[in-house]
Amino acid sequence: MGTCHAGSESSYPHVTFVQAGLAFQRENTEAEAYGSDSLRYALGLYRVLPYGFSLFGELSLTDARHHDAQWYITRDYRIAETRRRDRTWQVFASLSSSLLEKYDITPTLQYTYTRRDSNIWTQEHKRQRLNLSFGYRF
């Protein structure tokens, strides 16, 4: 899904795409407690920028429910049993450049922030990732 706006007011194309997504995933495992069903909602934006750069950003939310209860250790060091439920928020941004296009190289800088909330406290986390890659076409 997307919309596009193109204009020629300046030397670079004004191109913007909006993307919305919905995904369902089922993961079956030998131990039912580790299998899950998840639903992911996402909204993204792609934009061509001046000087050969392009930007893509996406916000997403994933709700996951595990198939069966599992044992875990509570915050006060007791053993309990519950069916795990997670909610994961993610922010993704990618900046790429076509400045090295004549060499068939595309540098891309990506940043991801992830936060998972869970009813099992040991499964909660926050993560940041920065990635620099160089794609080569041949």
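Residues numbered from 1 in each chain as written. Predicted model: local features only at pLDDT ≥ 70, side-chain atom pairs only at ≥ 80, totals over all residues. Heavy atoms only, no water.

S.K.: Can you tell me about the confidence of the model for the protein, naming the residues and giving the values?
M.R.: On average, residues of the protein score 91 in pLDDT, and 91% of them reach the 70 mark or higher. Ignoring residues within four places in sequence, the model shows residues 1–9, a span with pLDDT below 50, making 18 contacts including any to other chains. (pLDDT = per-residue confidence, 0-100. Contact = heavy atoms within 4.5 Å.)

S.K.: Tell me about the packing of aromatic side chains, residues and numbers included.
M.R.: Evaluation of the coordinates by the stated rule reveals three aromatic pairs. With 6.0 Å between their ring centres and 40° between their planes, phenylalanine 17 and tyrosine 46 make a pair best called tilted. With phenylalanine 17 in strand β1 (residues 16–27) and tyrosine 46 in strand β2 (residues 36–48), this residue pair connects regions lying 29 residues apart in the sequence. Taking relative accessible area as the criterion, phenylalanine 17 reaches 37% and is therefore assigned partly exposed. Between phenylalanine 56 and phenylalanine 92 the ring centres are 6.2 Å apart and the planes differ by 55°, which places this aromatic pair in the tilted class. Of this pair, phenylalanine 56 sits in strand β3 (residues 53–73) while phenylalanine 92 sits in strand β4 (residues 79–97), placing them 36 residues apart in sequence. For the residue pair phenylalanine 56 and phenylalanine 92, the accessibility class agrees, reading buried in each case. (Phe/Tyr/Trp six-rings, centres within 6.5 Å; stacked < 30°, edge-to-face > 60°. Helix = DSSP H or I, 4+ residues; strand = E, 2+ residues; numbered from the N terminus. Buried < 20%, exposed > 50% of the residue type's maximum accessible area, 1.4 Å probe, protein only.)

S.K.: Give me a nonpolar patch on the surface: which residues, what numbers.
M.R.: Side chains of Leu55, Leu95, Leu109, Tyr111, Leu130, Leu132 and Phe134 sit close together on the surface and give an oily, nonpolar patch of about 670 Å² of accessible area. Considering each element in turn, the nonpolar patch owes the most residues, three residues, to strand β6 (residues 125–136). Following the sequence through the fold, leucine 55 ends up in strand β3. (Patch = residues over 30% accessible without salt bridge, like charges linked within 9 Å, V, L, I, M, F, W, Y side chains within 5 Å. Areas by Shrake-Rupley, 256 points an atom, 1.4 Å probe, with all protein chains shown as cover. Salt bridge = Lys/Arg side-chain N within 4 Å of Asp/Glu carboxyl O.)

S.K.: Kindly report on the layout of surface pockets, identifying the contributing residues and their values.
M.R.: Roughly 330 Å³ of volume is contained in the largest pocket. Lining the largest pocket we find 18 residues, and of these Thr62, Ala64, Asp86, Thr88 and Arg116 sit closest to its centre. Elements that contribute at least two residues to the lining of the largest pocket include exactly β1, β2, β3, β4, β5 (105–118) and β6. Its residues assigned to classes, the lining of the largest pocket comprises two nonpolar, 10 polar and six charged. (1 Å grid on protein atoms, 1.4 Å probe; cavity = no way out; pocket = protein on both sides within 12 Å on 5 of 7 lines; lining within 4 Å. Points joined across faces, edges and corners; volume = space filled by probe spheres on them. Nonpolar A, V, L, I, M, F, W, Y, C, P; charged D, E, K, R; others polar.)

S.K.: Can you break down the pairing of β2 residue by residue, with the values?
M.R.: When β1 meets β2, the two strands line up antiparallel, connected through 12 bridges. When the sheet's bridge partners are listed, leucine 22 is paired in β2 with tyrosine 41. The pairing of β2 with β3 spans 13 bridges and is antiparallel. The residue of β3 that forms the bridge with tyrosine 46 is phenylalanine 56. Where β2 hands over to β3, the hairpin turn is made up of four residues, of which tyrosine 51 adopts a positive phi near 65°. (Pairing = 2+ DSSP bridges.)

S.K.: An account of the pattern of salt bridges is needed here, citing residue identities and associated values.
M.R.: For the coordinates displayed, the defined rule picks out eight salt bridges. Measuring nitrogen to oxygen at the nearest pair gives 2.8 Å for the salt bridge that ties arginine 40 to glutamate 58. In this pair, arginine 40 is assigned in strand β2 and glutamate 58 in strand β3, connecting sequence segments 18 residues apart.

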